[in-house]
Amino acid sequence: MIKSLSFNSHLLVMLGNFGLQNSRRATSHGFLFCLKDQTITKMKKDARLRVDSELDGSLSLRAVPPTLIAAEKEEAKAVLTLFFKKQGLSNAVAARIINKSELFIDHLVSRLHSVHKSRYLVGRELTTLEIRDALIPYLESLLEEHGSMLADVVESFPHPPIKDKPITLVSPPDSAPDSKQVKAVSRVTETSPAGMLRPQVVYLMELGMDLEKIKLITRRFPAFAYYSLEGKIKPVVEFLLELGVPKSDIPIILGKRPQLCGISLSENLIPTMTFLEDLGVDKKQWAKVIYRFPALLTYSRQKFKTTVDFLYEMGLSSENVGKVLTRCPTIISYSVEDKLRPTAKYFRSLGADVSLLLLRCPQTFGLSIEANLKPVTQFFIERGYTLEEIGTMISRYGALYTFSLADNLIPKWDFFLTMDYSKSELVKFPQYFGYSLEERIKPRIALVKKAGVRLLLNQILSLSSRNFENALEKKMQQQQQLTDQV
């Protein structure tokens, strides 16, 4: 038996919640337990959160709706899964552990009710962020105490883990769908005796989300099936519509981030938006920002601060930081140490202006150095460009590295070789690679050749149709005048 005071204290809370204080005996150093066979059997039978917390006076859960408890269990499982994944376990291994840890999941939900007792007394549901914020520190404390034994602690709860039991990191073959997914999908597809789907499902379908889409979201995030219409889904949808989000975009946003419906408007969503506005996000652009990256509103303020501090470090002004967050909110999802900083170092090695690149094309920093950036660099090196010239090109046109070699850079380079221009023109105007080969480049080059004149590459491609025609006409007149003088 583990003789750690804190672990035994966790067990005490669990036992107290199940009304089993008679199995406790005090010691001068903490609490130790005599768990007899019949006591353990009773725990397993009673582990459905039927709480009369005689120990700490916490809320009785008999009045809590079963659907709410089911939703919170799914949320707790999602938090635990994410926590295990951050420790290096695969999805399959994390799922296998959690499927064997029903009592521990019950314990996490019981802990939620203890921490947020006042919420339940006034009939308020916890949001996804509140659940996460309550459970993550607790899981971190268990990790600090038990280290690599944490998975065993979770599986064997409330029994002490077997210290010599190894954790197998090899995922078993995929078998039947996860039971929680099956239950959740069944919930959104079941009908009443009158043949009606649940109100929240009908509401989502009226927004333009078909049943298959709802089932897909539910498989990916089972807790979505337990969100109430009036308490969670509808308030968030109406808020998005008030921000100017088109109704047709709502299914896309919820499909990308169904967790939004689990977030409190007054305590999380709106304060987070205010915080981001203080960082410079354009409040007039919220509809576009949320559509681009709805997960933005589910990140912690610490994550925002870490990314913003990096942007300041790279030399961006507060105004430009706001522009970056507005144009490319996905940058918040990039790890500073694993993604942003190494990418900045790579571009600096090419002589590129990193602050300018971040401002003009922040999405470039989400690309893989090995899979995306280095192959493009090699492409230009093989065609005779120096690293300095490549750095100039990327500084002038940040999107250059976002293009496909096979579908964009190679075919446009091959056509460029037929245009009778010096390759230095691409250093001056790398935006060439951003124009359509068939719809812009080839037709205009054909007109220039037909006119028998020569224009700068940026004049040929960047001007509007009318201005291009005027520039072409003017050049033809100038050439005719020179011919007449001769």
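Residues numbered from 1 in each chain as written. Predicted model: local features only at pLDDT ≥ 70, side-chain atom pairs only at ≥ 80, totals over all residues. Heavy atoms only, no water.

Chemist: I'm lost on the overall build of the protein in this one. Help?
Modeler: When you go through the protein residue by residue, the secondary structure sums to 26 helices and 2 strands. A total of about 24,400 Å² of accessible surface is found on the protein, and carbon and sulfur atoms cover 52% of it. (Helix = DSSP H or I, 4+ residues; strand = E, 2+ residues; numbered from the N terminus. Areas by Shrake-Rupley, 256 points an atom, 1.4 Å probe, with all protein chains shown as cover.)

Chemist: Honestly, the packing of aromatic side chains in this entry has me stumped. Any pointers?
Modeler: One pass over the full model with this rule turns up 17 aromatic pairs. A centroid spacing of 5.0 Å and a plane angle of 80 degrees characterise the contact between phenylalanine 379 and phenylalanine 380, whose relative ring orientation is edge-to-face. Since its relative accessible area comes to 4%, phenylalanine 379 is described here as buried. Look at phenylalanine 380 and you get buried, because its relative accessible area is 0%. Here the aromatic rings of tyrosine 385 and tryptophan 413 are separated by 6.1 Å at their centres, their planes lie at 75 degrees, and the arrangement is edge-to-face. Here tyrosine 385, found in the loop between helix H20 (369-382) and helix H21 (387-396), pairs with tryptophan 413, found in helix H22 (residues 405-416); they are 28 residues apart in sequence, far enough to count as distant. When its relative accessible area of 4% is taken as the criterion, tyrosine 385 is described as buried. Taken together, the ring pairs connect Phe379, Phe380, Tyr385, Trp413, Phe416, Tyr432 and Phe433 into an aromatic cluster. The ring of tyrosine 291 carries the charged tip of lysine 256 above its face, separated from the ring centre by 4.9 Å. When the ring centre of phenylalanine 403 is taken as origin, the NZ or CZ atom of lysine 412, which lies over that ring, is 5.9 Å away. (Phe/Tyr/Trp six-rings, centres within 6.5 Å; stacked < 30°, edge-to-face > 60°. Buried < 20%, exposed > 50% of the residue type's maximum accessible area, 1.4 Å probe, protein only. Lys NZ or Arg CZ within 6 Å of the ring centre and 35° of its normal.)

Chemist: Would you mind showing me how to read the pattern of salt bridges here?
Modeler: Side chains carrying opposite charge are able to pair once their charged atoms draw close together. Overall, the coordinates contain 13 salt bridges when judged by the stated rule. A salt bridge links lysine 234 to glutamate 230, with the shortest nitrogen-to-oxygen separation between them at 3.9 Å. Here lysine 234 pairs with glutamate 230, and both are found in helix H12 (residues 229-242), just 4 residues apart, close to one helical turn. One salt bridge connects glutamate 382 with arginine 383, and the closest N-O pair in it is separated by 3.7 Å. Of the residues examined, arginine 383 reaches a relative accessible area of 24% and is grouped as partly exposed. One continuous salt-bridge network, built from bridges that share partners, spans Glu313, Glu337 and Arg341. (Salt bridge = Lys/Arg side-chain N within 4 Å of Asp/Glu carboxyl O.)

Chemist: Would you take a moment to explain helix H24 (residues 437-451) for this structure?
Modeler: Two residues of an α-helix separated by three or four positions point the same way, owing to the 3.6 residues in each turn. An ideal rise of 1.5 Å per residue puts 21 Å on 15 residues; H24 measures up with 20 Å between its terminal C-alpha atoms. Regarding H24, the residues found buried are Leu437, Ile441, Arg444, Ile445 and Val448. Mapping the buried residues of H24 onto a view down its axis gives an arc of 125 degrees, with all of them on the same face. Facing away from the buried side of H24, by more than 90 degrees, are the exposed residues Glu438, Glu439 and Lys450. Structurally, H24 contributes buried residues whose contacts are with H22, helix H25 (457-462) and helix H26 (465-485). A positive backbone phi angle near 75 degrees is found at glycine 452, which sits one or two residues after H24. (Expected span 1.5 Å × (residues − 1). Arc of directions from axis to C-beta. Contact = heavy atoms within 4.5 Å.)

Chemist: Sorry, what's going on with unusual backbone geometry here?
Modeler: The general pattern is negative phi for most residues beyond glycine and trans for most peptide bonds. We note that aspartate 420 has phi near 65 degrees; this positive angle belongs to a residue other than glycine. Position of aspartate 420 relative to the elements: it lies in the loop between H22 and helix H23 (424-428).

Chemist: Help me out: how do you make sense of the packing of H20 against H22 in this one?
Modeler: For any two helices packed against each other, the geometry is given by the interaxial angle and the distance between the axes. The interhelical angle for the contact between H20 and H22, taken along N-to-C directions, is 15 degrees, at an axis separation of 12 Å. When the interaxial angle is binned, H20 and H22 end up roughly parallel. Relative to H22, the crossing made by H20 is right-handed. Residue-level contacts link Pro375, Val376 and Phe379 of H20 to Leu405, Leu409, Ile410 and Trp413 of H22. For the contact of H20 with H22, the per-class residue count stands at 7 nonpolar, no polar and no charged. (Axes fitted to C-alpha atoms, helices over the stretch in contact; angles between N-to-C directions. Parallel < 35°, antiparallel > 145°, perpendicular 65-115°, else oblique. Left-handed = near helix turned anticlockwise from the far one by under 90°. Nonpolar A, V, L, I, M, F, W, Y, C, P; charged D, E, K, R; others polar.)

Chemist: What am I meant to see in the environment of glycine 244 here?
Modeler: Structurally, glycine 244 is set in the loop between H12 and helix H13 (250-256). The spacing of glycine 244 and tryptophan 286 is 42 residues in sequence and 8.0 Å in space, taken between C-alpha atoms.

Chemist: Please clarify how the nonpolar core should be interpreted in this entry.
Modeler: Proteins that are soluble and globular tend to have nonpolar side chains buried together. Of all hydrophobic cores here, the largest spans 104 residues; its most connected members are Phe347 and Tyr432. The greatest single-element share of this core, amounting to 6 residues, is contributed by H12. One finds Val93, Ile98, Val109 and Val154 within the second-largest nonpolar core, a separate group that totals 27 residues. (Core = buried A, V, L, I, M, F, W, Y, C linked by side-chain atoms within 4.5 Å.)

Chemist: What is the right way to read the environment of glutamine 259 from this model?
Modeler: Within the fold, glutamine 259 resides in the loop between H13 and helix H14 (265-278). On the basis of relative accessibility, which here comes to 18%, the residue glutamine 259 falls in the buried class. Beyond its immediate sequence surroundings of up to four residues, glutamine 259 is in contact with Thr128, Phe221 and Tyr227.

Chemist: Whenever I open this one, helix H17 (residues 318-327) confuses me. Can you help?
Modeler: Within H17 the residues assigned to the buried category are Asn320, Val321, Gly322, Val324, Leu325 and Thr326. Where H17 is buried, its residues meet helix H15 (286-292), helix H16 (301-313) and helix H19 (354-360).

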